[in-house]
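# A look at the structure
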Amino acid sequence: MKNKLGFIGCGNMAQAMIKGILEKKLYAAEDIIVSRRNQEALSKLKDQLGVHVTADNKKVAGAADVLVLAVKPFQFEAVIQEIRDEIRKDALIISIAAGQTMENIERLFGKNIKLVRSMPNTPALVLEGAAGICFNENIAIEDKKKTMEIFSSFGIAHEVSETMIDTVIGVSGSSPAYVFMFIEAMADAAVSDGMPRAQAYELAAQSVLGSAKMVLETGRHPGELKDMVCSPGGTTIEAVRILEKEGLRSAVIEAMKACVKKAREM
């Protein structure tokens, strides 16, 4: 029997993961089963992705060798009570929810389970995701390998301690929203100077993409790369001066700290 990948819940993050996994051919669509309560959403998933769909969480839990819990944090208790007697004995369970600790998830299942807690992000949809992952004591080397293979199929994945998961939420899980705001703001400025909006979005987005690749591929410090753009008495250093004056750096830090604080309170 082929290994089956199951998703209980299939919102934006889960769909991004599935699309990345399918793109990299890690699993075939026929080997993925997804549950969701909304019948219209299920029909769209089946049409768009070709995966098996059902409204029955128990069916997914019973079929999956690897089971991804992709429901909202407040739904965990009810969902786990529903499926805990259905999961396979050696199933690998992966949580992608903020605020649900491994200790709490283990308590809800009420038995020994192989548990992964993770925090991916939506750029998985374009195979450029970033995820932090931690494992409980029941995870074997092969389980780790399988987990990292899944998450690496749609981006990069780093093993972290569970104490760092909330920080991962701030720096990568939620951060695409900050970056989208930055791109939108740059485009708005260009539009205010007369540039067509579509062109402004493309130039701004490509500049962010290229800058990120320079950090990743050169290994240089972001400050050093910034200095390379700032000619003495030039346009860039003037823009940087205003960004510093208006508190860009501090605003980002404070926003991320608020994000992490909220995650810890969930």
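You'll find the structure just up there.
Before going into details, it helps to say that this report is about the structure given with it. Remember, it's a predicted structure, so these values are computed and weren't measured experimentally.

### A few points about the pairing of strand 7 (residues 129–135)
In terms of burial, strand 7 is a largely internal element, seven of the seven residues being buried. Neither face of strand 7 is left uncovered, since the one carrying Gly-129, Ala-131, Ile-133 and Phe-135 and the one carrying Ala-130, Gly-132 and Cys-134 both have all their residues buried. Direction of pairing for strand 6 (residues 114–119) relative to strand 7: antiparallel, over a ladder of four bridges. Each residue of the ladder has a partner; that of Ser-118, found in strand 7, is Ile-133. In the sheet, strand 7 pairs with strand 8 (residues 155–159) via five bridges, with the strands oriented parallel. In the sheet register, Ala-131 faces strand 8, and the bridge partner there is Ala-157. Handedness of the crossover is the feature at issue here: the chain leaves strand 7, passes through helix 6 (residues 141–152), returns alongside strand 8, and the resulting connection is right-handed.

### Section: the pattern of salt bridges
Here the structure, examined in full by the defined rule, presents 16 salt bridges. Here Asp-31 and Lys-4 are joined by a salt bridge, their closest N and O atoms 3.3 Å apart. With Asp-31 in the loop between helix 1 (12–23) and strand 2 (32–35) and Lys-4 in the segment before strand 1 (5–8), this pair connects stretches of sequence that are 27 residues apart. For the salt bridge of Asp-166 with Arg-117, the shortest nitrogen-to-oxygen distance reads 3.9 Å. Of this pair, Asp-166 sits in helix 7 (residues 165–173) while Arg-117 sits in strand 6, and the two are 49 residues apart along the sequence.

### Quick word on the layout of surface pockets
Gaps left between atoms show up when a probe the size of a water molecule is rolled over them. The computed volume of the second largest pocket comes to approximately 810 Å³. Lining the second largest pocket are 33 residues, and of these Gly-11, Ala-70, Val-71, Lys-72 and Pro-73 sit closest to its centre. Secondary-structure elements contributing two or more residues to the lining of the second largest pocket are helix 1, helix 4 (76–83), helix 7 and helix 12 (248–265). Residues belonging to the lining of the second largest pocket are distributed by class as follows: 17 nonpolar, eleven polar and five charged.

Conventions and cut-offs
Residues numbered from 1 in each chain as written. Predicted model: local features only at pLDDT ≥ 70, side-chain atom pairs only at ≥ 80, totals over all residues. Heavy atoms only, no water. Buried < 20%, exposed > 50% of the residue type's maximum accessible area, 1.4 Å probe, protein only. Helix = DSSP H or I, 4+ residues; strand = E, 2+ residues; numbered from the N terminus. Pairing = 2+ DSSP bridges. Right-handed = clockwise from strand over helix to strand, strands pointing away. Salt bridge = Lys/Arg side-chain N within 4 Å of Asp/Glu carboxyl O. 1 Å grid on protein atoms, 1.4 Å probe; cavity = no way out; pocket = protein on both sides within 12 Å on 5 of 7 lines; lining within 4 Å. Points joined across faces, edges and corners; volume = space filled by probe spheres on them. Nonpolar A, V, L, I, M, F, W, Y, C, P; charged D, E, K, R; others polar.

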